[in-house]
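# Breakdown of the fold
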Amino acid sequence: MSDIIGQVTPDASVSAGLDAAGEWCIAFEAPNGIKFNVVTKGTCWLRVEGEPAPIFVAEGDCFLLTRCQGFTLGTDLSLPPLSAQEVFSADQNPARVNAGGAFSLVGGRFAFRSEQAEHLFEGFPVVVHVRGDEPSAPVFRRALEQFVDEARCDRPGGRLIRERLAQIMLVEIVRSHLLSSNRPAPGWLRGLADARISRALSAIHAAPERKWTLSALSHAAGMSRSHFARRFRDVVGIPPLGYLRSWRMLLAFNGLKTTQKRVGEIAQSVGYESESAFSTAFRRLNNISPGTAQRKTGRDVFTERSDKA
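A brief structural summary. Since this is a predicted model, take the numbers as computed values, not measurements.

### Considerations on the environment of Leu18
With respect to the secondary-structure elements, Leu18 resides in strand β2 (residues 18–20). Separated by 79 residues in the primary sequence, Leu18 and Val97 have C-alpha atoms spaced 7.9 Å apart. In this view, Leu18 contacts Trp24, Ile26, Val87, Phe88, Pro94, Ala95, Val97, Phe103, Ser104 and Leu105; residues no more than four positions away in its chain are not counted.

Below you can see the structure in the form of structure tokens.
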């Protein structure tokens, strides 16, 4: 988990908070990236499009929305909802409903500099709910408070601190979900919990440049090739060599962004003998060429849209 979270380098942003009172209901458009909210006072209900039942969230709770699906927050979800765009259009932070005072939250989102990073979280449920009495919740809240302080003050070194705090917040959410879920959905988290599949994942992460074959990975897992291939797909959600390609591309993306190595050197470091083959695979998975990724800043690689709360 440390290896994966260390590579995805989430770019976290905090939007305007909410301060509400009385009976209220607010509808939000589908967020861009992975949305998070922390309830700092009061209680409300959360309903996400497509999910069977609303979730009750209370002071100290955190929740993550991992899909681009609209959602509604409110004390009474049967009320005609206000539009989030209207609520947050006023030049005030936090935004207020009914003068505020009874309920408050802080929200933001995680975006990722490589499209492959988001694929690593496809095994998560639509909503990851961390209750305030869980061990991860206080750590997440403290990291968020410091993140907000760094974003507002813009002190020297603030960008690096915010990147590390974003990783801390994401790790705490992942930990909480991993510890509270008896059977995670297919994805790398579930792969970590499978004794044999985790051996293959460890082998890939230890030597991504190796000329891995299905036979070699099945041997690392101590399984027959056919049984391994089926089990890996069932547990992780994608074929073994598909996971290998995604991991290599994520490593390559970060190498292009954080080192002065040439594209050919990066290609070799992740197992490609041909720079042209690497460039073709990189473009297919990331929608940009390696050279373009190397020239752009981290923020320029993905398109940021403003989303509130």
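### Some remarks on the packing of aromatic side chains
Under the defined criterion, the tally for this structure stands at 10 aromatic pairs. Here Tyr272 and Phe278 contribute two aromatic rings whose centre-to-centre distance is 5.6 Å and whose plane-to-plane angle is 65°, an arrangement assigned as edge-to-face. Each member of the pair, Tyr272 as well as Phe278, is classed as buried. Clustering of aromatic rings is evident, with ring pairs tying together Phe253, Tyr272, Phe278 and Phe282. One Lys or Arg, Arg210, reaches over the ring of Trp212 and ends 4.1 Å from the middle of that ring.

### Quick notes on helix α9 (residues 225–236)
With 12 residues, α9 should cover 16 Å at 1.5 Å per step; its first-to-last C-alpha distance of 16 Å lies within 8% of that length. Along α9, the residues that are buried comprise Phe228, Phe232, Val235 and Val236. Taken end-on, α9 shows its buried residues confined to a sector of 75°, consistent with a single buried face. Looking at the buried residues of α9, the elements they touch are α6 (188–193), α7 (195–206), α8 (214–221) and α10 (240–258). In the stretch just after α9, Gly237 is the one whose phi turns positive, near 100°.

Conventions and cut-offs
- Residues numbered from 1 in each chain as written.
- Predicted model: local features only at pLDDT ≥ 70, side-chain atom pairs only at ≥ 80, totals over all residues.
- Heavy atoms only, no water.
- Helix = DSSP H or I, 4+ residues; strand = E, 2+ residues; numbered from the N terminus.
- Contact = heavy atoms within 4.5 Å.
- Phe/Tyr/Trp six-rings, centres within 6.5 Å; stacked < 30°, edge-to-face > 60°.
- Buried < 20%, exposed > 50% of the residue type's maximum accessible area, 1.4 Å probe, protein only.
- Lys NZ or Arg CZ within 6 Å of the ring centre and 35° of its normal.
- Expected span 1.5 Å × (residues − 1).
- Arc of directions from axis to C-beta.

Just distances and angles here, no functional claims.
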